[in-house]
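Take a look at the letters that make up each chain.
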Amino acid sequence: MKKEDGSARSGAADHSDRSDRSDHSDHSDHSDHSDYSDHADRSDRSDDSNRSGRAVGIAALLVALLALAAIAAGLWDLTRATAGLRIETLRVGEVPVTVYYPATGSAATSPEGNPPGDAAKTSASDTAPRAPLSPNPNANEAPLDAEAVARPRVIIAHGFAGSQQLMQPYAVTLARNGYIAVTFDFPGHGRNPQPFVARLEDEARRVGVLLGALEQVAGFAAGLPGGDGRLGLVGHSMAGDVLLRYATTHRDQVVASVLISPYMSASAPKTEPRNLLFVFGALEPEMLHESGRAAIVAASGDPSVSTAAVAPGVTYGDLADGSARRLVLAPGVEHIGVLYGQGGIGAALDWLNQAFGHQGDGFIDARGQALGLLFLGIVALAWPLSRLLPRAATQPLGAGLGWRRLLPVALLPAVLTPLILRFVPRDYLPILLGDYLALHFGVYGLVTLAALGLSVRRRGPDAVPRELAAPPGRVLWPGLVIGTLVSAAYLTLGVALPLDHYVTAFLPGAGRVWLILGILPGTLAYFAADGWLTHGAGSPRAAPLLTRGLFLLSLLGAVALNLSQLFFLIIIIPAILVFFLLYGMVGGWIYRRTRHPLVGALAIGLAFAWSIAVTFPVVD
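This is a predicted model, so every value here is computed, not measured.

It is worth spelling out the overall build of the protein at this point. Across its full length, the protein carries 15 helices and 11 strands. Put simply, of all contacts in the protein between residues at least 6 apart along the chain, 80% involve residues at least 24 apart. Entry remark: accessible area of the protein is about 27,800 Å², with carbon and sulfur atoms responsible for 62%.

Laid out in structure tokens, this is it:
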């Protein structure tokens, strides 16, 4: 029995061993097959990833080449616009001035030095003519003498928060057509170190400061060689009020004026100046168009005539006696775009040609298209360049809020910020309206951070099951520092250099560098808070569009609560919208590469602080 039992146990053990070996063999075969399949899957995924990476790399290279071509084409067109002109930059006292001299033989004017039908110059004491409100059929008929060489001078003045560069389309157009064009910076604007007024509602002081600079430049322009003794005036926005006053007190000298989207105070003279053209953007509010119509009606001397009787493009009065008035609505442009719309520039050239009995070659500056190419190239180039940035985090960082939890956090600062700033002193920097913008950015950012912190506390650490939570990302500090510095350099200097040369003063002088540092905490607070709020795993792609739109609505709310002091911010809001869109696009590219929202946020915050500090007027 024992032997049999032992044999049985031995047989059972052998069977068990064979079964174990068989199981092990089966498991080994399955494991080998599984390893092979996993390796094949990984290989396929790697190949797909490599192909995708190569395709994106080729696309980035093509975009870079196209962007560089657009930049080159834009610069070429902008350079060609000034071909043949002699351009001199100098200072008249503290006022920066640029003189655009025409090419020799590029224009003709009436040999008498007076506009057609004007037999003698009118003295400043003459009363202003009262033009009938009816079209003048002979207004466009002006005899020209192509043999004369005397050249009228035209002084061109910029508007609020602008600079003389902003008026280049008009200066280049007039110089190319034979005029001597003079641009300059008002006090506190551009590179003029003299302070502007601290309060826009202080009309007497504002007019005194602006008029003093204009008279200084006009005195300089009177001594320029090649002039014929007559003067034309062109002014945008804020300058319109001052040009009306100067043209009234110098009627013997100022033959015609072009007021582009002008601000005209109630006390500004509207009937006395000779030959006024009003140019508005067709997309500007109707209330601005009505101000031009009202000025034309006032010149008619007939109070029974309504502004509705004034038709755009029709000349009322007579250029010969100085009573001519015309309203032009430049198509497709608004308050800033009107400076680049060829409809408005062409109307101004035609008006001055008629008033001076002058004729050029008809050149009209078209830099709007060239500038579009240039800055389209600069923005597009940021995408392939952003792919070269180092990683700043191992995983995409940010709040990662869905719409339901993001909306209340985004709405709270939009509502509270204008209300809070009603009770906060705002004049902490010597820059008009720029200090308020910095505070609005800063308070908005702090309220956003507070709301975001409250949302996280309410959510609690166990809101997401541990097994479903994504591993936290780790900050890569060298990438964060390098990425921020490189991005900031591109968004400041890369944009500032062409803007300063072709659009408006954008490189800070010594007196404005410290203003950047004063504004920077506010812009950094806003963009850092907004960047963290709108990014992260699970954040909607459209979240930044929502939060930036709410910020602009908040700014409009602040203007409505304090219209007298913040009115001019309405003019700036379209520019802020453009910067939001362009910088937001670049910031998205930076985030997708670096995975850290602070890289783009800090760079954009510096760019915005720079923009505010160099554009808004410096005050005493």
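After that view, the rundown keeps rolling.
Turning our eyes to something else, we now look at the packing of aromatic side chains. Applying the stated criterion across every chain, the model contains 20 aromatic pairs. Ring centres 4.9 Å apart and planes at 75 degrees place the aromatic pair Phe 184 and Phe 186 in the edge-to-face group. When sorted by exposure, Phe 184 lands in the same class as Phe 186, which is buried. An aromatic cluster is present here, built from Phe 441, Tyr 444, Tyr 526, Phe 527, Phe 551, Phe 579, Phe 580, Tyr 583 and Phe 608 joined pairwise through their rings. The positively charged end of Arg 86 is found above the aromatic ring belonging to Tyr 101, 4.1 Å away from the centroid. Between the NZ or CZ atom of Arg 176 and the centre of the ring of Phe 363, over which it lies, the distance is 3.8 Å.

The next subject is the nonpolar core. Within the largest apolar cluster, 167 residues are counted, with the highest numbers of intra-cluster contacts made by Phe 160 and Phe 184. A per-element tally of this core places helix α15 (residues 597-615) first, with 11 residues. What Phe 160 contacts, discounting residues up to four positions off in sequence, is His 189, Phe 196, Leu 200, Met 238, Leu 432, Leu 433, Phe 568, Phe 616 and Pro 617.

Evaluation of the coordinates by the stated rule reveals 14 salt bridges. For the salt bridge of Arg 199 with Asp 427, the shortest nitrogen-to-oxygen distance reads 3.5 Å. Taken together, the residues span a long stretch of sequence, with Arg 199 in the loop between β5 (180-184) and α3 (203-222) and Asp 427 in the loop between α8 (403-421) and α9 (434-459) at a distance of 228 residues. Owing to a relative accessible area of 62%, Asp 427 belongs among the exposed residues under this scheme. The shortest N-O distance in the salt bridge between Asp 228 and Arg 230 comes to 2.8 Å. The buried category is assigned to Asp 228, whose relative accessible area is 15%. Each of the salt bridges in this network shares a partner with another, and the network as a whole consists of Glu 203, Arg 206, Asp 241 and Arg 245.

Across the interface, helix α7 (residues 367-386) lies against helix α14 (residues 569-594) with an axial gap of 9 Å and an inter-helix angle of 10 degrees. The angle between α7 and α14 places the two elements in the roughly parallel class. Mapping the contact onto sequence places Val 379, Ala 382, Trp 383 and Ser 386 in α7 and Leu 582, Met 585, Val 586, Trp 589, Ile 590 and Arg 593 in α14. Tallied by class, residues from the contact of α7 with α14 come to eight nonpolar, one polar and one charged.

Between helix α2 (residues 168-176) and helix α6 (residues 342-356), whose axes approach to 10 Å, the crossing angle comes to 45 degrees. As summarised for this structure, α2 and α6 are arranged oblique, according to the angle between their axes. In the crossing of α2 with α6, the sense of the turn from one axis to the other is right-handed. Contact with α2, carried on its side by Pro 169, Tyr 170, Thr 173 and Leu 174, involves Gly 344, Ile 345, Ala 348, Leu 349 and Leu 352 of α6 and no other residues of that element. Broken down by class, the residue content of the contact of α2 with α6 amounts to seven nonpolar, two polar and no charged.

Attention now moves to the pairing of strand β1 (residues 86-92). Both faces of the sheet carry side chains from a regular strand, because those side chains alternate between them. Sheet analysis places β1 next to strand β2 (residues 95-101), joined by seven bridges and oriented antiparallel. Counted as the bridge partner of Arg 86 is Tyr 101 from β2. Hairpin connection, β1 to β2: the antiparallel pair is bridged by two residues, and Gly 93 has positive phi, about 65 degrees.

This brings us to the side chain of Thr 523. With respect to the helices and strands, the residue Thr 523 is situated in helix α11 (residues 510-533). Here Thr 523 is in contact with Phe 441, Gly 605, Phe 608, Ala 609 and Ile 612, once residues within four sequence places are set aside.

A few words now on the sheet that holds β1. Pairing is mixed across the open sheet formed by nine strands, whose spatial order is β1-β2-β5-β4-β6-β7-β8-β10-β9. Taken across any chain shown, the strands that pair with only one partner, and hence form the sheet edges, are β1 and β9 (315-316). Sitting on the sheet, helix α4 (residues 239-249) touches β4 (151-157), β6 (227-236), β7 (254-260) and β8 (276-281), and the angle it makes with β6 is about 150 degrees. Its contacts with the sheet place α6 against β4, β6, β7, β8, β9 and β10 (325-330), and it is angled at close to 170 degrees to β7.

Take Thr 492: it is sitting in helix α10 (residues 477-502). Polar side-chain contacts of Thr 492 include one of 3.4 Å to the backbone oxygen of Ala 489. Contacts of Thr 492, omitting those with residues within four sequence positions, involve Leu 606, Ala 607 and Trp 610.

The end-to-end C-alpha distance of α8 is 28 Å, a good match for the 27 Å that 19 residues give at a rise of 1.5 Å each. Every buried residue belonging to α8 is among Arg 405, Leu 406, Val 409, Ala 410, Pro 413, Ala 414, Thr 417, Pro 418 and Leu 421, and all of these are buried.

Right, let's get into the environment of Ala 537. Looking at where Ala 537 falls in the secondary structure, it is placed in the loop between α11 and α12 (543-561). Taking the C-alpha atoms as reference, Ala 537 lies 6.6 Å from Pro 396; in sequence the two are 141 residues apart.

Procedures and definitions
- Residues numbered from 1 in each chain as written.
- Predicted model: local features only at pLDDT ≥ 70, side-chain atom pairs only at ≥ 80, totals over all residues.
- Heavy atoms only, no water.
- Helix = DSSP H or I, 4+ residues; strand = E, 2+ residues; numbered from the N terminus.
- Contact = heavy atoms within 4.5 Å.
- Areas by Shrake-Rupley, 256 points an atom, 1.4 Å probe, with all protein chains shown as cover.
- Phe/Tyr/Trp six-rings, centres within 6.5 Å; stacked < 30°, edge-to-face > 60°.
- Buried < 20%, exposed > 50% of the residue type's maximum accessible area, 1.4 Å probe, protein only.
- Lys NZ or Arg CZ within 6 Å of the ring centre and 35° of its normal.
- Core = buried A, V, L, I, M, F, W, Y, C linked by side-chain atoms within 4.5 Å.
- Salt bridge = Lys/Arg side-chain N within 4 Å of Asp/Glu carboxyl O.
- Axes fitted to C-alpha atoms, helices over the stretch in contact; angles between N-to-C directions.
- Parallel < 35°, antiparallel > 145°, perpendicular 65-115°, else oblique.
- Nonpolar A, V, L, I, M, F, W, Y, C, P; charged D, E, K, R; others polar.
- Left-handed = near helix turned anticlockwise from the far one by under 90°.
- Pairing = 2+ DSSP bridges.
- Polar contact = N/O pair within 3.5 Å; in protein donor to acceptor, adjacent residues only side chain to side chain.
- Expected span 1.5 Å × (residues − 1).

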